[in-house]
Amino acid sequence: MATAEKPVMVVGIDDSEQSNYALEWTLDHFFAPFGSNPPFKLILVHAKPTPSSAVGLAGPGAAEVLPFVESDLRRIAGRVVEKAKEFCATKSVNDILVEVMEGDARNVLCETVERHRASVLVVGSHGYGAIKRAVLGSVSDYCAHHAHCSVMIVKKPKIKH
């Protein structure tokens, strides 16, 4: 009997504490308990900003700076991916696909969902206040409205003092 393709779960990863928490939560609830037969195919996606968007400058001098910014962004992306892979390995989750794509996280995540026909997208929540969210635009809000699949926003519990 042919085995049916497993549904795809895409997890957005970056170098934030919230992203690490979302990945850990997802592994603990959807992968680790199932051993070698998890219910989803896992794809981790890191959106690497473009050098020009990261610098936010143009004009004289910008061209000299961009190669350094690009190498920094590449190094950060490498670190994010390595950390996520190691983390998955500690939970004995080894069957993963990792993608690094250049662009705004909102678009990268929605495009990845489309490309892989994902059933679920998991994102962390930075817990920005209303002002910061209005200025920066929330990735989780955007994905909840635009991704063509269910979106799970994993929030790190607030520590009570």
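All values reported here derive from a predicted model rather than from experimental measurement. Sequence order sets the numbering: in each chain, residues are counted from 1 along the sequence as written. A pLDDT threshold of at least 70 governs which residues receive local features in this predicted model, and a stricter bar of 80 or more applies before side-chain atom pairs are shown or counted, although totals over entire chains, interfaces and linings include all residues. In computing side-chain values, all of the structure's heavy atoms are included and hydrogens and water are not.

Moving on to the overall build of the protein. Helix numbers and strand numbers start at the N terminus; a helix is a DSSP run of H or I with at least 4 residues, a strand a run of E with at least 2. Scanning the protein for helices and strands turns up six helices and five strands. Counting contacts in the protein only where the partners sit at least 6 residues apart, residues at least 24 apart contribute 74% of the total. Note that accessible areas follow from Shrake-Rupley with a 1.4 Å probe, and for residues the cover is restricted to the protein chains shown. When the accessible area of the protein is evaluated, it comes to approximately 9800 Å², of which 56% is carbon and sulfur surface. Contact between two residues is taken to exist if any of their heavy atoms lie within 4.5 Å; hydrogens are not considered.

Strand order in this open sheet of five strands is S3-S2-S1-S4-S5, and the pairing throughout is parallel. Each having just a single partner strand, strand S3 (96–102) and strand S5 (150–154) make up the two edges of the open sheet. Shown here is a sheet whose adjacent strand axes are inclined to one another by a mean of 25°, direction ignored. Note on pairing: DSSP must find at least two bridges between two strands before they are called paired. In this sheet, strand S2 (residues 41–48) lies alongside strand S1 (residues 8–12) in parallel orientation, the contact comprising five bridges. If you follow Met9 over to S2, its bridge partner there is Leu42. Contacting S1, S2, strand S4 (120–124) and S5, helix H1 (residues 17–31) crosses the sheet at an angle of about 155° to S1. Helix H3 (residues 62–90) rests against S2 and S3 of the sheet, and its axis sits at about 160° to S2. Here an axis means a line fitted to C-alpha atoms, over the contact stretch when the element is a helix, while the angle between two N-to-C directions is reported on a 0 to 180 degree scale.

Here we come to the pairing of S2. Within S2, seven of the eight residues are buried, leaving the element largely enclosed by the surrounding structure. Examined bridge by bridge, S2 and S3 share seven bridges and lie parallel to one another. By the bridge assignment for S3, Val45 is matched with Glu99. Relative accessibility thresholds used throughout: buried, under 20% of the residue-type maximum; exposed, over 50%; partly exposed, between the two (1.4 Å probe, protein chains only).

Now for H1. Taking 1.5 Å per residue as the helical rise, H1 with its 15 residues ought to reach 21 Å, and the 20 Å between its terminal C-alpha atoms agrees with that figure. Listed as buried for H1 are Ser19, Ala22, Leu23, Thr26, Leu27 and Phe31. Taken around the axis of H1, the buried residues stretch over an arc of 130°, which confines them to a single face. Here the buried face of H1 lies against S1, S2, H3, S4 and S5. The span you would expect from a helix comes to 1.5 Å times its residue count less one. For this quantity, the arc is that covered by the directions from the helix axis to the C-beta atoms.

So, on to the environment of Ser53. Mapped onto the fold, Ser53 is located in helix H2 (residues 51–55). Sequence separation between Ser53 and Gly103 is 50 residues; the distance between their C-alpha atoms is 8.8 Å.

On to the side chain of Ser138, then. Along the chain, Ser138 falls in the loop between helix H5 (130–136) and helix H6 (139–146). For Ser138, a relative accessible area of 12% corresponds to the buried category. Side-chain atoms alone can form a polar contact between residues adjacent in sequence; in general such a contact is a pair of N or O atoms within 3.5 Å, and within protein one must be able to donate a hydrogen while the other accepts it. For Ser138, the side chain forms a polar contact with the side chain of Ser140, separated by 3.0 Å.

By convention in this document, the label disulfide applies to cysteine sulfur atom pairs within 2.5 Å. The final tally for this structure, using the stated rule, is zero disulfides. Note on Cys143: no disulfide assigned, nearest cysteine sulfur contributed by Cys110 at a separation of 4.2 Å. For Cys143, a relative accessible area of 0% corresponds to the buried category.

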